[in-house]
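So the chains spell out like this:
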Protein chains: 2
Amino acid sequence: MGEFELIRHFFDRPELQPSRSDVLGIGDDCALLSVPQGRQLAQSLDTLVSGVHFPEQCDPFLLGYRALATNISDLAAMGAEPHSFTLGLTLPESDSDWLQAFSDGLVALAQPSGLALIGGDTTRGPLTISIQVQGLVPTGQALLRSGASAGDLVYVSGSLGDAAGALPAVLEGLYPHRCDDDSVSYLLERYYKPSPRVKLGQWLATHGATAALDISDGLLGDLGHILKASGVGAELNLEQLPLSPQLLSVAGLSKAQGYALGGGDDYELCFTWPAEKTLALPEEIRAECSVTCIGRIMDTAGIYDASTGLPLSAAAYRHF
Amino acid sequence: MGEFELIRHFFDRPELQPSRSDVLGIGDDCALLSVPQGRQLAQSLDTLVSGVHFPEQCDPFLLGYRALATNISDLAAMGAEPHSFTLGLTLPESDSDWLQAFSDGLVALAQPSGLALIGGDTTRGPLTISIQVQGLVPTGQALLRSGASAGDLVYVSGSLGDAAGALPAVLEGLYPHRCDDDSVSYLLERYYKPSPRVKLGQWLATHGATAALDISDGLLGDLGHILKASGVGAELNLEQLPLSPQLLSVAGLSKAQGYALGGGDDYELCFTWPAEKTLALPEEIRAECSVTCIGRIMDTAGIYDASTGLPLSAAAYRHF
């Protein structure tokens, strides 16, 4: 199958095509899109390399799903509404079964997210996936990393550490639908099908959160980006870290806390919120994910354990 | 050098940073940009793989330059004004000399083009470069492939076949600045530093060209895309093909014509223009590149030699 036929068959699918009349998708030298007045376009590009970011024999459906999910999570972290994406796909060979499953994985998340595939490039070479997602955000209201100030509360969405807890099973080649242990299966689901917190991010952007990002490299490292960009520090209440019963059952409390602090791939949001303001999330968002206050922003640089006053270091939690 | 330091040092350079106040560049979860009223955003993503699209030991300055040039050419083909780009760079190792030269190659073209590097991703793995460029075009005026109609004249910019003529020297590992033969050196320059026809494209978009694209895979194949999208055919006058004296001197007439028809990598524009309208290019654009009428659009599908009436096939010219 040649490049053009491949694109037509697996990527120029109706399920991935823009229904908007103001978008020109796949098929010309460039895609064309309009950005409505009063909106900015938020863009994020991520590259996933076989053998580095995912196992070489990874299930292609889950790979497509996860590649798109991790990108959408960047839109969620800015408070942007998903709009469209482009795909740079480098493949060692044109394997129809693989491509069909990969494309189905994209569709499974792109459709409910309202994301259209508007362009890209397919090339031959070592398996590498670059996805650029883009979304719309009301001008001036995007959630930046730089807005936290002393006294703000630190929140996270969902539960932390699940994806890190899944890693041993991922490296064994297990998949959620092919795993007997319900807890491990749950953790694998969290690793392969992260849930970008799009609605939460949009709500936070328009209701007064002061800073946000998504947790891809681990809470301590990622929170560190907010602290650095905002010129502040934080103290965390470790006993408040939201841990799933499944992670606790598989890893025990101490390891689970380590995963939550130092483990990546959770794609939950970490955000700061003014202490004097009530965080009244609408029911629609609370039904999708919980949010938990885990600490407070301080003037002093660094991240500290609120109960002992000792510094918390990401490196100390990278032993797994 | 870690990922963040690498990005700061080689890519968050002032020469690559947006001077516009309406752009948020590198450093948050997403880049943010605004699109002015009355403009559309044109976007194109290309992936270059080491050993497939360029020699494994390629000079990194020329690689950076060429990677960006081939992408800007897609903006030129739509008539868009360059705005910004994102870079997905996968590297086997973090080699400072290589990164500095690659980054300098980007700067050498991005600065005069007015392109800001607003985001991206650096990862470890086999050398792969994905660049997404974006530009602004007056709403509804982008040059599409689908607007050609019978009677239109077929034009190309510059000279054709130079890059294909350079390929033997490219595969030998020669570079323009390290080549004794002036003609071969010229062809190498054309291969490594293509000149995206940005001003020509912008002028054509606003002055009545009916269709356009850039020639990346070879004239016959690429013109075929215009013909297919427009539902028409074309006849070409082979003796009108613009061939450089350097190509003629290196390859001779017959091979040079073959390179011009079937060879890729020229990144000249091919466009169609209404026969009844004078093509009066302003001096500023004529000083940058010539344009040559090489044929005419016809009702009959296919591409024909105007002097013999026989079909011209790209495959027949892929023997080099």
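The name that an unreviewed UniProt entry assigns to chain A is Thiamine-monophosphate kinase, with the source organism given as Endozoicomonas montiporae. The heading Catalytic activity (unreviewed entry) in the UniProt record of chain A holds the text "thiamine phosphate + ATP = thiamine diphosphate + ADP". The UniProt entry for chain A carries this comment under Sequence similarities (unreviewed entry): "Belongs to the thiamine-monophosphate kinase family."

Undergrad: So what's going on with the UniProt feature "binding site: Mg(2+) 2" (unreviewed entry) in chain A? Residues and values would help.
TA: When the UniProt feature table is mapped onto this chain numbering, "binding site: Mg(2+) 2" (unreviewed entry) sits at Asp-46 and Asp-74 of chain A. For the annotated residues, spread through 29 residues, the largest C-alpha to C-alpha distance comes to 9.6 Å, consistent with a single compact locus. Along the chain, the position of Asp-46 of chain A falls in strand 3 (residues 39-49). Asp-46 of chain A has contacts with Thr-70, Asn-71, Asp-74, Ile-129, Ser-130 and Ile-131 of chain A together with Asp-121 of chain B, leaving out every residue within four places of it along the chain. Examined against the element boundaries, Asp-74 of chain A turns out to sit in helix 2 (residues 60-78). Setting aside chain neighbours within four positions, we find Asp-74 of chain A in contact with Ser-44, Asp-46 and Asp-214 of chain A together with Asp-29 and Cys-30 of chain B.

Undergrad: Would you mind going over the UniProt feature "binding site: Mg(2+) 4" (unreviewed entry) in chain A in detail, with residue names and values included?
TA: According to UniProt, the "binding site: Mg(2+) 4" (unreviewed entry) feature falls on Asp-29, Ser-44 and Asp-74 of chain A. With the annotated positions falling across 46 residues, the maximum pairwise C-alpha distance of 26.9 Å shows that they are not confined to a single cluster. Note on placement: Ser-44 of chain A falls in strand 3. Excluding anything up to four places from it in sequence, Ser-44 of chain A contacts Asn-71, Asp-74, Ile-131, Gln-132 and Val-133 of chain A together with Asp-29 and Cys-30 of chain B. A distance of 3.0 Å separates a polar atom in the side chain of Ser-44 of chain A from a polar atom in the side chain of Asp-74 of chain A.

Undergrad: Before we move on, can you summarise the side chain of Thr-123 of chain B with the specific residues and values?
TA: Within the secondary structure layout, Thr-123 of chain B lies in strand 5 (residues 116-124). Polar contacts involving the side chain of Thr-123 of chain B include one to the side chain of Thr-90 of chain B, which spans 2.9 Å. Excluding residues within four positions of it along the chain, Thr-123 of chain B makes contact with Thr-47, Val-49 and His-53 of chain A together with Leu-89, Thr-90 and Leu-91 of chain B.

Undergrad: Which residues make up the domain arrangement of chain A, and what values go with them?
TA: Residue and element names in this part refer to chain A. Considered domain by domain, chain A is made up of domain 1 (3-138) and domain 2 (153-317). Here the C-alpha centroids of domain 1 and domain 2 sit 26 Å apart. The interface is formed by 21 residues belonging to domain 1 together with 21 residues belonging to domain 2. Buried surface at the junction of domain 1 and domain 2, both sides included, amounts to about 1,700 Å², of which 66% is carbon and sulfur. Broken down residue by residue, the surface that domain 1 buries against domain 2 is led by Leu-62, Arg-66 and Ala-76, which jointly contribute 31%. The interface formed by domain 1 and domain 2 includes one salt bridge. For Arg-66, the salt bridge identified is with Asp-265, shortest N-O distance 3.1 Å. Here domain 1 and domain 2 share five residue pairs in polar contact (both at pLDDT 80 or more) between them. If you tally residues by element for the side of domain 1 that touches domain 2, the top one is helix 2, at eleven residues.

Undergrad: Which residues make up the interface of chain A and chain B, and what values go with them?
TA: How big an interface is tends to be expressed through the accessible area that disappears when the partners come together. Taken residue by residue, the interface counts 55 residues in chain A and 55 residues in chain B. Taking both partners together, chain A and chain B bury about 3,900 Å²; carbon and sulfur atoms supply 53% of that area. Contact with chain B buries area across many residues of chain A, yet Asp-29, Gln-43 and Leu-45 of chain A alone supply 17% of it, more than any other trio. At the boundary of chain A with chain B, the tally comes to four salt bridges. A salt bridge links Arg-145 of chain A to Asp-29 of chain B; its shortest N-O distance comes to 3.4 Å. In terms of residue count, strand 3 of chain A provides more of the side of chain A that touches chain B than any other element does, nine residues in total.

Undergrad: Could you give an account of helix 7 (residues 219-230) of chain B, naming the residues involved and the relevant values?
TA: In an α-helix, one turn spans 3.6 residues; hence positions three or four apart end up facing the same way. Residues and elements named next belong to chain B. For helix 7, with twelve residues, the first-to-last C-alpha span of 16 Å sits near the 16 Å given by 1.5 Å per residue. Restricting attention to buried positions, one finds in helix 7 the residues Leu-219, Leu-220, Asp-222, Leu-223, Ile-226, Leu-227 and Ser-230. Once helix 7 ends, the next one or two residues include Gly-231, with phi positive near 70°.

Undergrad: Tell me what's going on with the sheet that holds strand 7 (residues 153-157) of chain B, and back it up with residues and numbers.
TA: Residue and element names in this part refer to chain B. Strand order in the open sheet formed by six strands is 8-10-7-11-9-12, and the pairing between neighbours is mixed. Only two strands of the sheet have a single partner each, and these edge strands are strand 8 (211-214) and strand 12 (302-305). Adjacent strand axes in the sheet meet at a mean angle of 25° when their direction is disregarded. Pairing between strand 8 and strand 10 (residues 269-273): four bridges, direction antiparallel. Within strand 10, the position partnered with Asp-214 by the bridge is Leu-269. Its contacts with the sheet put helix 6 (residues 198-207) on strand 7, strand 10 and strand 11 (291-298), and the angle it makes with strand 10 is roughly 20°.

Undergrad: Can you break down the relation of the copies chain A and chain B residue by residue, with the values?
TA: When chain A is fitted to chain B, the residual RMSD is 0.0 Å, and the transformation amounts to a turn of 180° plus an axial shift of 0.0 Å. Seen this way, the second copy is the image of the first under a two-fold rotation axis. For chain A, the residue whose C-alpha comes nearest the rotation axis is Val-35 of chain A, separated from it by 3.1 Å. When the interface residues of chain A are mapped onto chain B, 100% of them again fall at the interface, so both copies present the same face.

Undergrad: Now, about the side chain of Thr-272 of chain B: what can you tell me, with residues and values included?
TA: Residues and elements named next belong to chain B. In this structure, Thr-272 sits in strand 10. We classify Thr-272 as buried; its relative accessible area is 0%. Looking at Thr-272, its side chain comes within polar contact range of the side chain of Thr-210, at 2.5 Å. If sequence neighbours within four positions are ignored, Thr-272 has contacts with Ala-148, Asp-152, Leu-153, Val-154, Ala-209, Thr-210, Ala-211, Ile-226 and Ile-297.

Rules of the game
- Residues numbered from 1 in each chain as written.
- Chains lettered and ligands numbered in written order.
- Predicted model: local features only at pLDDT ≥ 70, side-chain atom pairs only at ≥ 80, totals over all residues.
- Heavy atoms only, no water.
- UniProt positions renumbered as here; feature names shortened; annotations may be inferred.
- Helix = DSSP H or I, 4+ residues; strand = E, 2+ residues; numbered from the N terminus.
- Contact = heavy atoms within 4.5 Å.
- Polar contact = N/O pair within 3.5 Å; in protein donor to acceptor, adjacent residues only side chain to side chain.
- Domains from an automatic or database assignment.
- Buried area = accessible area lost by both parts, 1.4 Å probe.
- Salt bridge = Lys/Arg side-chain N within 4 Å of Asp/Glu carboxyl O.
- Expected span 1.5 Å × (residues − 1).
- Buried < 20%, exposed > 50% of the residue type's maximum accessible area, 1.4 Å probe, protein only.
- Pairing = 2+ DSSP bridges.
- Axes fitted to C-alpha atoms, helices over the stretch in contact; angles between N-to-C directions.
- Least-squares fit on C-alpha atoms with pLDDT ≥ 70 in both.

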